[in-house]
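# Residue-level structure breakdown
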Amino acid sequence: MQQFKTDQRLNKIKNVISQRQPSLTVVLENIHDPHNVSAIYRTCDSVGVQKVSLLYNIEKFPRISKVSSSSANKWINTERSTDTKECYEDLRRKGFRIYASLLSDDAVDVYSIDMTEKAAFVFGNESRGVSEEAAKNADEVFYIPMRGMIQSLNVSVAAAVTLYEAQRQRTIKGMYEKSELSTIELDELIDEWCER
């Protein structure tokens, strides 16, 4: 399929894939508004997140808008789960440390997290936040410092702030300069993307 792409398009695909960060992932728990989900996908694509887990055990799985995501979901792998324990066990088997976004007395400042390690960030429902189970079983809960009267950001904005901090830390460490993917994984993903 690669032979059917222009050199410019193929080079763009190769460049983007080489900067993907499989050691950085996002879990969206019961986020109600599909526009928020789509906006988060767009941010994930922009910072190199390759996989998003949709953890839905209350809300229906969202329909992701091609308009608000700018078709970012096309370039990101999605896993679906209805069980928090299974989702977390799978992440831990893969070596991820799990951080749940939560306003809490024991939450750590988002800027104090080492995001250059394998990290999974969990964002919850617009009204309820992350569930008690998701928060309790995370390795840590975190918050984004706020200086105004409002206590929290829109979930898609909170995800963007968090993921851009991850990108900042990873850029400083040079993690976008050398691919985390093996040559075989790179070639497989390039072939897959060329068919999209």
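The present account deals with the structure reproduced in this document. (Residues numbered from 1 in each chain as written. Predicted model: local features only at pLDDT ≥ 70, side-chain atom pairs only at ≥ 80, totals over all residues. Heavy atoms only, no water.)

## Topic: the side chain of Glu29
Assignment of secondary structure puts Glu29 in strand S1 (residues 24–29). Comment: no salt bridge for buried Glu29; closest opposite-charge side chain is Arg128, at 7.5 Å. Once residues lying within four places of it in the same chain are set aside, the contact partners of Glu29 are Leu55, Thr84, Val122, Phe123, Gly124, Asn125, Gly129, Val130, Ser131 and Ala134. (Helix = DSSP H or I, 4+ residues; strand = E, 2+ residues; numbered from the N terminus. Buried < 20%, exposed > 50% of the residue type's maximum accessible area, 1.4 Å probe, protein only. Lys, Arg positive; Asp, Glu negative; His and termini not counted. Salt bridge = Lys/Arg side-chain N within 4 Å of Asp/Glu carboxyl O. Contact = heavy atoms within 4.5 Å.)

## Concerning the sheet that holds strand S3 (residues 77–81)
If you walk across this open sheet you meet the 7 strands as S3-S2-S1-S6-S4-S7-S5, and the pairing is parallel. Looking along the sheet, the strands with just one partner apiece sit at the ends: S3 and strand S5 (108–109). Where strand S2 (residues 51–55) and S3 come together, 5 bridges link them in parallel fashion. Paired with Ser53 across the bridge in S3 is Glu79. Each of S1, S2 and S3 touches helix H2 (residues 34–47); the most contacted strand, S1, lies at about 175° to it. (Pairing = 2+ DSSP bridges. Axes fitted to C-alpha atoms, helices over the stretch in contact; angles between N-to-C directions.)

## A short note on the nonpolar core
Counting residues in hydrophobic clusters, the biggest one holds 30 residues, and the most contacted among them are Leu28, Val52, Phe121 and Phe123. Those elements that provide at least two residues to this core are S1, H2, S2, strand S6 (119–123) and helix H5 (155–172). Excluding residues that lie within four positions of it along the chain, Val52 makes contacts with Thr25, Val26, Leu28, Tyr41, Cys44, Ile76, Asn77, Thr78 and Glu79. By size, the runner-up hydrophobic cluster in this structure holds 16 residues, among which are Tyr88, Phe96, Val122 and Val130. (Core = buried A, V, L, I, M, F, W, Y, C linked by side-chain atoms within 4.5 Å.)

## Concerning the packing of helix H1 (residues 7–18) against helix H6 (residues 183–194)
At their nearest, the axes of H1 and H6 sit 10 Å apart, and the two run at 130° to each other. One way to sum up the angle between H1 and H6 is to call them oblique. Read as a crossing pair, H1 and H6 show a hand that is right-handed. Taken together, the residues of H6 that come into contact with H1 (itself represented by Leu10, Ile13, Lys14, Val16, Ile17 and Ser18) are Leu186, Leu189, Ile190, Trp193 and Cys194. (Parallel < 35°, antiparallel > 145°, perpendicular 65-115°, else oblique. Left-handed = near helix turned anticlockwise from the far one by under 90°.)

## Remarks on the packing of aromatic side chains
In the structure shown here, the tally under the stated rule is 5 aromatic pairs. Taking 5.6 Å as the distance between ring centres and 85° as the angle between the ring planes, the aromatic pair formed by Phe121 and Phe142 counts as edge-to-face. Highlighted residues: Phe121 in strand S6 and Phe142 in strand S7 (residues 140–143), separated in sequence by 21 residues. Among the residues examined, Phe142 registers a relative accessible area of 0% and is labelled buried. Relative to Phe142, the ring of Phe123 has its centre 6.1 Å away and its plane inclined at 90°; by these criteria the two rings are edge-to-face. Pair noted here: Phe123 is in strand S6 and Phe142 is in strand S7, with a separation of 19 residues, a long-range link. We note that Phe123, like Phe142, is buried. (Phe/Tyr/Trp six-rings, centres within 6.5 Å; stacked < 30°, edge-to-face > 60°.)

It is worth stressing that arrangement in space is one thing and function is another; only the former is reported here.
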